[in-house]
Amino acid sequence: AFTLFYLIPLAFHGLWIPDETRYAQISQEMLGTGHWAVPHFMGLRYFEKPVAGYWWIAAGQAVFGSNLFGVRIASALSTGLSVMLVYGLARHLWRDSAKSFVCAMLYMSFGLVAGQAGYANLDPLFTLWVNLSLVSVWFALDATSRRNRRMAWITVGAACGIGFMTKGFLAFALPVLVALPFMIWQRRIIDGLRGGALAVLIAAAVCLPWVLTVSAQEPDFWHFF
């Protein structure tokens, strides 16, 4: 299903204007100029979004060429990974492979999910990191060993950090809006605060190199963003 409905159609319709053309051009310019810290669009500094999403689209073009498939493959693969997260979470909840398969197929069939899988922009990439952060919060709260709990919170932080570098501060807000009420309801707020502190440290470690680099190269980036 992933191959038939997600991968094959990537190369059979032109780029949608303006989003796909813009993201394709910015990523292509990264490949051509080597300016990986600061996005440029037609030679102009482009500060609407952070940088990580362009990296993944550029990687697709580097591997498959500057064509329709290369521009869109990052969206398809990130959506496929989100499908795998759905399967993994369902398998953990119910220990039933058939039910987990149905969950994954149901998620794949959602119009918005399937639509953005073939659309070259930052939304499918951002969705992957948000999904990973929320699934990891669940695994952290459900873990039975300290090691597994710590690894889950580390994953939460890494996902939030990369999500922030993809589309901004919403990557931090969404996990908090979902997880905090749940932890209050479950009376596990102390566990959440401890794990959340670790996640914040990991997120900062992930973001800081690029944050400092872009601040040094373009001091007005954060003022604009």
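Each remark here, short or long, concerns the structure printed above.
Residues numbered from 1 in each chain as written. Predicted model: local features only at pLDDT ≥ 70, side-chain atom pairs only at ≥ 80, totals over all residues. Heavy atoms only, no water.

Novice: Could you give an account of the overall build of the protein chain, with specific residues and numbers?
Specialist: In terms of helices and strands, the protein chain carries 11 helices and 2 strands. When its helices and strands are written in sequence order, the protein chain yields α-α-β-β-α-α-α-α-α-α-α-α-α. When its C-alpha atoms are laid out on the principal axes, the protein chain stretches across 50 × 45 × 25 Å. For the protein chain, the share of sequence-separated contacts (at least 6 apart) that also reach a separation of at least 24 residues comes to 69%. Counting 15 positive and 10 negative side-chain charges, the protein chain places the centres of these two groups 15 Å from one another. (Helix = DSSP H or I, 4+ residues; strand = E, 2+ residues; numbered from the N terminus. Contact = heavy atoms within 4.5 Å. Lys, Arg positive; Asp, Glu negative; His and termini not counted. Charge placed at Lys NZ, Arg CZ, Asp CG, Glu CD.)

Novice: Any details on unusual backbone geometry? Residues and values, ideally.
Specialist: The residue after Ile-17, namely Pro-18, is reached through a cis peptide bond having omega 5°. Tracing the backbone through its elements, the reader meets Pro-18 in the loop between α1 (2-7) and α2 (19-33). Even without a glycine there, the phi angle at Met-42 is positive, about 55°. Here the phi dihedral of Arg-95 falls at roughly 55°; this positive angle occurs in a residue that is not glycine.

Novice: Provide a residue-level description of helix α8 (residues 146-167), including the pertinent values.
Specialist: When the terminal C-alpha atoms of α8 are compared, their 32 Å separation across 22 residues agrees well with the 32 Å that a helix rising 1.5 Å per residue should span. Looking at the buried residues of α8, the elements they touch are α3 (52-64), α7 (123-142), α9 (170-185), α10 (189-217) and α11 (221-224). (Expected span 1.5 Å × (residues − 1).)

Novice: For the environment of Ile-8, give the residues involved together with the corresponding values.
Specialist: Mapped onto the elements, Ile-8 comes out in the loop between α1 and α2. Residue classification places Ile-8 among the partly exposed residues on the basis of a relative accessible area of 42%. Along the chain, Ile-8 and Phe-69 lie 61 residues apart, while their C-alpha atoms are 8.8 Å from each other. (Buried < 20%, exposed > 50% of the residue type's maximum accessible area, 1.4 Å probe, protein only.)

Novice: Describe the side chain of Glu-29, with residues and values.
Specialist: Within the secondary structure layout, Glu-29 lies in helix α2. Although Glu-29 lies buried, it forms no salt bridge, and the closest oppositely charged side chain, Arg-22, sits 11 Å away as judged by the N-O distance. Not counting the four nearest positions on each side in its chain, Glu-29 is found in contact with Gly-34, His-40, Phe-41, Met-42 and Gly-43. (Salt bridge = Lys/Arg side-chain N within 4 Å of Asp/Glu carboxyl O.)

Novice: An account of the layout of surface pockets is needed here, citing residue identities and associated values.
Specialist: Gaps left between atoms are located by rolling a probe of water-molecule size over the structure's atoms. In this structure, the largest pocket occupies an estimated 360 Å³ of space. Secondary structure elements with two or more residues in the lining of the largest pocket: α8, α9 and α10. For the lining of the largest pocket, the element with the most residues is α10, which contributes 8 residues. Taken together, the residues of the lining of the largest pocket sort by class into 16 nonpolar, 3 polar and no charged. (1 Å grid on protein atoms, 1.4 Å probe; cavity = no way out; pocket = protein on both sides within 12 Å on 5 of 7 lines; lining within 4 Å. Points joined across faces, edges and corners; volume = space filled by probe spheres on them. Nonpolar A, V, L, I, M, F, W, Y, C, P; charged D, E, K, R; others polar.)

Novice: Explain the packing of aromatic side chains to me, and be specific about the residues and the numbers.
Specialist: The tally for this structure, following the rule as stated, stands at 19 aromatic pairs. Here the aromatic rings of Phe-64 and Phe-69 are separated by 5.1 Å at their centres, their planes lie at 75°, and the arrangement is edge-to-face. On the basis of relative accessibility, which here comes to 42%, the residue Phe-64 falls in the partly exposed class. Plain terms: the ring middles of Trp-138 and Phe-182 are 6.0 Å apart, the flat faces sit at 50° to each other, and that makes the pair tilted. (Phe/Tyr/Trp six-rings, centres within 6.5 Å; stacked < 30°, edge-to-face > 60°.)

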